[in-house]
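In case you want the letters, here they are:
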Amino acid sequence: MKASFRSNERSALPPPPFDDVRRSCARLLHWSDPLLNDAERSSSRDAVDDFLLRDAELLQGALERIRSEEGDDILRSVPYWEGWYLNCREPLPVYANPFYIFDPDSLPGEENPFRLAARLALAAASLCTTIDRGELEPDVLRGEPLCMKSFTSIFRASRSAAVPRDLPIQGNSESLAGRSAIILSKGSFHLLELISPGGEPRPLEETSELLERIAATGASGDLSPGLLTCLPRDEAARGRVLLRASSEENSRLLDMVEHALFVLRLDSPCGGRPEEAAHRFLFDEGKNAWYEKALQIIVTVDGWAGINFEHSARDGTHMGPLVKTVLERAHAAGGTAKNLSEPLPLRFYLSPESRAFLGEAEKSACELSRRRRQSVLRVSSFGSDLPKRAGVSPDAFVQLALLLAGRMTRGEWRSAYESVHMRRFAGGRTEGTRPLTGEAAAFLDALCSGACDRLSLRPLLLAASVAHKERIEECLSGRGTEGHLGLLREIWRMRGTELGIAAEPGIYSAPAWTKLTSCSLSTSTTTGEVLALAGYGPVQRGGLSVRYLSRNESFVFHIASWAEDGDLNERFAAALEEALRLLASVL
């Protein structure tokens, strides 16, 4: 009998620890050390000592009381967990939503894009019914089951713009919307039922024909309400209020969009190269999208396919397995459901105020698109097999190259961020590891000096690899520093006055914290299986984002930056290529 993720949730996965503030402070000082000069180390030690003497136990005690009396909902405020994302006020596209582009070799062999779209949509709907029934095989790490909670908020899920914090929305399987997808084509909206009330999928041929008919209906002829989802979140909230106030019907239609299974985008051609697809899949300027939806499946007329997803309640560690399962099911997608409803056009009424608002939103979306820079670097001369044969972790190998490229580009060490899942724990999301260990700095300093030969460098590289794996393991085990201390900072914001802590503790303005938690280089990795490319936008001003696919014989990097940073993207990509070559020469 298959284990279900529901039984996995009922089983006693331990809660995330976040329990030892002295350990977290010690790790803050240790992890930040390579970034600091002597004066910054001294002031950071003083700030940590003062924090442990005055405020740490009060905040930790408050956290433990909240968890004991109110449960673990407070953990949503951990950095990079749901509440943290919902509090962010930047636009969702470019700033937050990642994209995946499917490897053409992993797709069903369909020349007709509507048949391809039908297969992917029906496969995704089938997976949703598997989740509804509690029959999804749990993911495992080293034989241990992982938390599957986030899989329940991938389908029928959306994010609603609100002030001061966005709201999560979750539909249900009983409604028509909960059995249907929103089909977007040329900015027009249709609701298409994909699953019968009993859970049987629509036939493939019928679905394909309906999608082709929807695409043939032409453009809506008006500004797309999806432009609202491209705005800074406070502005998006104002636009949402205007849209609802324009007519009662708009509220009903908006509910359908938010409660539907997912969005299926039938997009215009985007070009023959993955770089062109990446530009579209990250952000289409709001022409044919709904970026608040948890899952957007995208199929272009010229055959590209992939997803864009909203990040607040789900991570790459969930979306990777989901994509693999959808692509596996797509080869035999479709069912025998009969008498399902015809496609339902969703026609929003735009008042003069809403139309004017969307006109400004369209200008804002174009400006946001103009501000991003994306590039793709392919390394075909070697892949993960090369460091593996030398006893070096492939991820450590790439992270060392990324750190070196950052130093070559900026002339100094900067903190890099890499996400690590915490799904060993009930409700666990991610912890941010910081790959610049003391051992990494020692190896890269020796490499850059030119004074060490290959035999001298190899032990330093192996030590850096071991240190990287140990730090990853600390994060996997809930023993990082940023999540715990970031949560205590949120406790201060919420309850500092009642705890008698009027001013923010000085630890959060100390160089150890500010330099370590910077995301001037945000990184993430995905296995190269079934994907051609994956990426997301830069996290902060002056910053770079790098997502890479790891394959046995190659690496593929997506690099993003801001246009106002000039040629930063190009310089970093060139430096990364050189850094990878240098590291490979040591192996």
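Structure shown above.
Now for a quick tour of the structure. Just so you know, these numbers come straight off a predicted model, no measurement behind them.

1. Thoughts on the overall build of the chain
And then number 1: On a plain count of helices and strands, the chain comes out with 19 helices and 18 strands.
And then number 2: Expected size for 587 residues packed as a compact globule is a radius of gyration near 25 Å; at 24 Å, the chain falls within 12% of this value.
And then number 3: In terms of overall dimensions, the chain has a C-alpha envelope of 70 × 60 × 55 Å along the principal axes.
And then number 4: Within the chain, residue pairs in contact and separated by at least 24 positions form 76% of the contacts whose partners lie at least 6 positions apart.
And then number 5: For the chain, the exposed area adds up to about 22,800 Å²; of that, 51% sits on carbon and sulfur atoms.
And then number 6: Put simply, the chain has 70 plus and 80 minus side-chain charges, and the middle of one group is 1 Å from the middle of the other.

2. Regarding the pattern of salt bridges
When the charged atoms of two side chains with opposite charge come close together, those side chains can pair.
And then number 1: This structure, assessed with the given rule, holds 52 salt bridges.
And then number 2: Between Asp267 and Arg265 there is a salt bridge, with the nearest N and O atoms lying 2.9 Å from each other.
And then number 3: A salt bridge links Glu490 to Arg493; its shortest N-O distance comes to 3.4 Å. Of this pair, Glu490 and Arg493 both sit in helix 17 (residues 482–499), three residues apart, roughly one helical turn.
And then number 4: Here Glu490 falls in the buried class, since its relative accessible area comes to 17%.
And then number 5: When salt bridges with common partners are traced through the structure, they connect Arg89, Arg159, Asp166, Arg233, Asp234, Glu292, Glu310 and Arg314 into a single cluster.

3. Observations regarding the sheet that holds strand 10 (residues 305–309)
Each strand in a sheet pairs with another by means of backbone hydrogen bonds, the pair being arranged parallel or else antiparallel.
And then number 1: With mixed pairing, the eight strands of this open sheet are ordered in space as 11-7-6-8-9-10-1-16. Two strands in the sheet have a free side with no partner beyond their single neighbour: strand 11 (344–346) and strand 16 (531–535). On average, each strand axis in the sheet is inclined to that of its neighbour by 25 degrees, with strand direction left out of account.
And then number 2: Relative to strand 8 (residues 263–267), strand 6 (residues 180–185) runs parallel, the two being bridged by four bridges. The residue bridging Leu184 from the neighbouring strand is Arg265, located in strand 8.
And then number 3: Against the sheet, helix 11 (residues 316–330) touches strand 1 (99–102), strand 9 (295–300), strand 10 and strand 16, its axis set at about 25 degrees to strand 1.

4. Overview of the packing of helix 14 (residues 394–410) against helix 19 (residues 568–586)
And then number 1: Close contact between helix 14 and helix 19 brings their axes to 8 Å; oriented N to C, the two are set at 130 degrees. Relative to helix 19, helix 14 is oriented oblique. Of the two possible hands of crossing, helix 14 and helix 19 adopt the one that is right-handed. The segment helix 14 lies against helix 19, with Phe397, Leu400, Ala401, Leu402, Leu404, Ala405, Gly406, Met408, Thr409 and Arg410 engaging Leu568, Arg571, Phe572, Ala575, Leu576, Glu578, Ala579, Leu580, Leu582, Leu583 and Ala584.

5. Overview of the packing of aromatic side chains
Each pair of aromatic rings is reported with the distance of its centres and the angle of its planes.
And then number 1: Counted under the stated rule, the structure contains 18 aromatic pairs.
And then number 2: With a centroid separation of 6.1 Å and an interplanar angle of 75 degrees, the aromatic rings of Phe51 and Tyr508 are classed as edge-to-face. You can see Phe51 sitting in helix 3 (residues 38–54) and its partner Tyr508 sitting in the loop between helix 17 and helix 18 (511–516), a full 457 residues away along the chain. Both residues of the pair, Phe51 and Tyr508, count as buried.
And then number 3: Note on Tyr80 and Tyr417: the rings are 4.7 Å apart at their centroids and 45 degrees apart in plane angle, and the pair reads as tilted. Note that Tyr80 is positioned in the loop between helix 4 (56–70) and helix 5 (82–87) and Tyr417 in strand 13 (residues 416–421), a separation of 337 residues in sequence. Across the pair, exposure class does not vary: Tyr80 and Tyr417 are buried alike.
And then number 4: Lying across the ring of Trp562, Arg371 places its NZ or CZ 4.4 Å from the centre.
And then number 5: Seen from the ring of Trp413, Arg407 lies directly overhead, with NZ or CZ sitting 4.6 Å from the centre.

6. Re the pairing of strand 16
And then number 1: With five of its five residues buried, strand 16 lies for the most part within the structure.
And then number 2: By the bridge criterion, four bridges tie strand 1 to strand 16 in an arrangement that is antiparallel. Its bridge partner lying in strand 16, Ile101 is registered against Leu533.

7. Quick notes on the packing of helix 8 (residues 233–246) against helix 12 (residues 352–371)
And then number 1: Contact pair helix 8 / helix 12: the axes reach a minimum separation of 9 Å and the direction vectors enclose 150 degrees. Comparing their axes, helix 12 and helix 8 come out roughly antiparallel. With respect to the hand of their crossing, helix 8 and helix 12 are arranged in left-handed fashion. Across the interface between the two elements, Glu235, Arg238, Gly239, Leu242, Leu243 and Ser246 of helix 8 pack against Glu353, Ser354 and Phe357 of helix 12.
And then number 2: Taken together, the residues of the contact of helix 8 with helix 12 sort by class into three nonpolar, three polar and three charged.

8. Let's talk about unusual backbone geometry
Trans is the prevailing form of peptide bonds, just as negative phi is the prevailing case for residues other than glycine.
And then number 1: Backbone torsion omega between Val163 and Pro164 reads 5 degrees, so that peptide bond is classified as cis.
And then number 2: Mapped onto the elements, Pro164 comes out in the loop between strand 4 (157–160) and strand 5 (167–170).
And then number 3: In this structure, Val94 takes a positive phi of about 70 degrees despite not being glycine.
And then number 4: If you trace the backbone, Val94 turns up in the loop between helix 5 and strand 1.
And then number 5: Look at Val94 and you get buried, because its relative accessible area is 1%.
And then number 6: Phi angles above zero are rare outside glycine, and Val530 is one such case at about 70 degrees.
And then number 7: Within the element layout of this structure, Val530 appears in the loop between strand 15 (521–527) and strand 16.

Conventions used here
Residues numbered from 1 in each chain as written. Predicted model: local features only at pLDDT ≥ 70, side-chain atom pairs only at ≥ 80, totals over all residues. Heavy atoms only, no water. Helix = DSSP H or I, 4+ residues; strand = E, 2+ residues; numbered from the N terminus. Rg over C-alpha atoms; globule rule 2.2 N^0.38 Å. Contact = heavy atoms within 4.5 Å. Areas by Shrake-Rupley, 256 points an atom, 1.4 Å probe, with all protein chains shown as cover. Lys, Arg positive; Asp, Glu negative; His and termini not counted. Charge placed at Lys NZ, Arg CZ, Asp CG, Glu CD. Salt bridge = Lys/Arg side-chain N within 4 Å of Asp/Glu carboxyl O. Buried < 20%, exposed > 50% of the residue type's maximum accessible area, 1.4 Å probe, protein only. Pairing = 2+ DSSP bridges. Axes fitted to C-alpha atoms, helices over the stretch in contact; angles between N-to-C directions. Parallel < 35°, antiparallel > 145°, perpendicular 65-115°, else oblique. Left-handed = near helix turned anticlockwise from the far one by under 90°. Phe/Tyr/Trp six-rings, centres within 6.5 Å; stacked < 30°, edge-to-face > 60°. Lys NZ or Arg CZ within 6 Å of the ring centre and 35° of its normal. Nonpolar A, V, L, I, M, F, W, Y, C, P; charged D, E, K, R; others polar.

These results come straight from atomic positions and should not be treated as a statement about function.
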